[in-house]
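Chain and residue survey
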Amino acid sequence: MNVPLLATNYNEIPDMQPRLITLEGIDGAGKSTHLTTIRQVLTDAGLPWLETREPGGTPLAETLRSLVLSQPMTALSETLLMFAARHDHVERVICPALARGQWVLSDRFVDASYAYQGGGRGVAEKQLVSLEAWVVGSLQPDLTFWFDLDPDEARLRLNRGRGVGDRFEQEQRDFFERVRGGYQRRFQERPDRLCVIDAGQAEVEVSAQVKQALESRLIKWLR
Ligand SMILES: Nc1ncnc2c1ncn2[C@@H]1O[C@H](COP(=O)(O)OP(=O)(O)OP(=O)(O)O)[C@@H](O)[C@H]1O
Ligand SMILES: [Mg+2]
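So, a few notes on the structure that sits alongside this text. (Residues numbered from 1 in each chain as written. Chains lettered and ligands numbered in written order. Predicted model: local features only at pLDDT ≥ 70, side-chain atom pairs only at ≥ 80, totals over all residues. Heavy atoms only, no water.)

Things to note about the pairing of strand S4 (residues 103–107)
Spelled out, the test is: Remark: exposure states derive from per-residue accessible area (1.4 Å probe, protein chains only) relative to the maximum for the residue type, with buried under 20%, exposed over 50%, and partly exposed in between. Put simply, DSSP H or I for four residues or longer makes a helix, DSSP E for two residues or longer makes a strand, and each gets a number counted from the N terminus. Pairing between strands is defined by DSSP: at least two bridges between them are needed.
Of all five residues making up S4, five are buried, and the element is well covered by its neighbours. Going residue by residue along S4, you find Trp103, Leu105 and Asp107 tucked away on one face and Val104 and Ser106 tucked away on the opposite face as well. Relative to S4, strand S2 (residues 20–24) runs parallel, the two being bridged by four bridges. Considered in S4, the bridge of Leu20 is made with Val104.

Encoded structure:
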């Protein structure tokens with residue numbers, strides 16, 4: 001099974017605690033586009049990184065991803081499959097990479113379940129809290145970029161670049177408003193690791209903002 005986004009570089013492992021960086025936002029907000037910026041900043045800083053995504057990142061999780069993106073299912077099945085995929089991803093990819101000293105860049109992580117399954121599908125927060133505790137324990141991202149974008153603009157961008165959307169991309173504006181609200185609620189309580197990006201700006205501006213925010217974090221972490 002092909003795991004398309006699993007990429008890595010080969011910088012030597014420095015004597016610095018590796019970090020987990022995640023990218024969040026609704027479909028079409030610019031996460032994949034700006035992974036490139038993050039990779040470049042880390043590469044320039046001489047840091048080893050591994051890029052991955054959710055749902056996905058392992059052969060099993062990619063198989064679950066294709067089911068979740070294509071098959072009709074209840075909100076609970078969707079949630080459980082997302083967390084099953086996440087368990088495999090955390091066990092086989094994220095934790096081993098961090099243990100080796102590699103930085104991990106994940107295109108979506110646990111916050112996305114609070115936004116999509118919680119906000120979007122209406123799964124109760126306390127269920128998500130239990131699953132999070134069970135599946136990821138105390139593992140939290142060190143830095144999360146939230147690409148915040150109006151759903152209408154996200155739809156326009158997706159329509160320009162892609163054909164028929166997956167099961168999520170076919171949802172209507174109100175679904176994405178709820179997802180956006182889910183992210184907002186989740187991040188209100190986690191300001192320390194959050195970097196909100198106004199993703200409605202031009203691509204170069206978004207990229208500059210991501211670069212600046214990451215560089216200032218690196219300086220803080222290096223102290
Ligand atoms: N700031 C921007 N201004 C205009 N277009 C942009 C901007 N950022 C990204 N795009 C374009 O918008 C589209 C969606 O971007 P991208 O694929 O990075 O989003 P995504 O958040 O990864 O979406 P998904 O969740 O569906 O994977 C792409 O065609 C990309 O080139
Ligand atoms: Mg993407």
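Right, picking up where we left off after that structure.
Side note on empty space enclosed by the protein
To find leftover empty space, a probe the size of one water molecule is rolled over the atoms. The test is simple: Cavity means a closed set of points on a 1 Å grid over the protein atoms alone, one where a 1.4 Å probe fits but cannot get out, pocket means an open set with protein on both sides within 12 Å along at least 5 of 7 lines, and lining means a residue has an atom within 4 Å of a point. Grid points are joined across faces, edges and corners, and a volume is the space filled by probe spheres set on the points. Asp, Glu, Lys and Arg are counted as charged, while Ala, Val, Leu, Ile, Met, Phe, Trp, Tyr, Cys and Pro are counted as nonpolar; the rest, among them Gly, fall into the polar class.
A full pass over the atoms with the stated rule returns one cavity of 30 Å³ or more. Considered as a void within the structure, the largest cavity measures approximately 50 Å³ in volume. Lining the largest cavity are Ile26, Asp27, Pro151, Ala154, Arg155, Leu158, Glu169 and Phe176. With four residues, helix H6 (residues 151–161) is the single largest residue contributor to the lining of the largest cavity. Classifying every residue of the lining of the largest cavity by side-chain character gives five nonpolar, no polar and three charged.

Observations regarding the nonpolar core
The condition is simple: Joining through side-chain atoms within 4.5 Å is the link that ties buried Ala, Val, Leu, Ile, Met, Phe, Trp, Tyr and Cys residues into a set, and such a set is a nonpolar core. By the convention used here, residues are in contact when the closest approach between their heavy atoms is within 4.5 Å.
In terms of nonpolar packing, the biggest core is built from 41 residues, with Leu42, Trp103, Tyr116, Phe145, Phe147 and Leu214 touching the most fellow members. In terms of residue count, helix H8 (residues 203–222) provides more of this core than any other element does, six residues in total. Leaving out residues up to four positions away in the same chain, Tyr116 has contacts with Gly25, Ile26, Asp27, Arg108, Arg121, Phe168, Phe175, Phe176, Val179 and Tyr183. Counting residues in each nonpolar core, the second largest holds 18 residues, with Val93, Ile94, Val123 and Val135 among its members.

Here's the deal with the packing of aromatic side chains
Our working definition: We call Phe, Tyr and Trp rings a pair once their centres come within 6.5 Å, taking the six-membered ring for Trp, and we label the pair stacked below 30 degrees between planes, edge-to-face above 60, and tilted otherwise. Two thresholds decide whether a charge sits over a ring: the Lys NZ or Arg CZ must be within 6 Å of the ring centre and within 35 degrees of the ring normal.
According to the stated counting rule, one finds ten aromatic pairs in the structure shown. An angle of 40° between the planes, with centres 6.0 Å apart, marks the rings of Trp146 and Tyr183 as tilted. One end of the pair, Trp146, is in strand S5 (residues 143–148); the other, Tyr183, is in helix H7 (residues 173–188), and 37 residues separate them in sequence. One aromatic cluster is present, built from ring pairs that chain together Tyr116, Trp146, Phe168, Phe175, Phe176, Tyr183 and Phe187. Across the ring face of Phe83, the terminal group of Arg86 is positioned such that the distance to the ring centre comes to 4.7 Å. Positioned above the aromatic ring of Tyr114, the side-chain terminus of Arg186 is 3.9 Å from the ring centre.

Things to note about helix H1 (residues 31–44)
Three- or four-residue spacings in an α-helix give side chains the same orientation, since the helix completes a turn every 3.6 residues. Here is the rule we go by: Working rule for helices: expected span equals 1.5 Å times residues minus one.
Look at H1: 20 Å from first C-alpha to last across 14 residues, which is about the 20 Å you get at 1.5 Å a residue. Buried-residue contacts for H1 involve S2, strand S3 (49–53), S4, S5 and H8.

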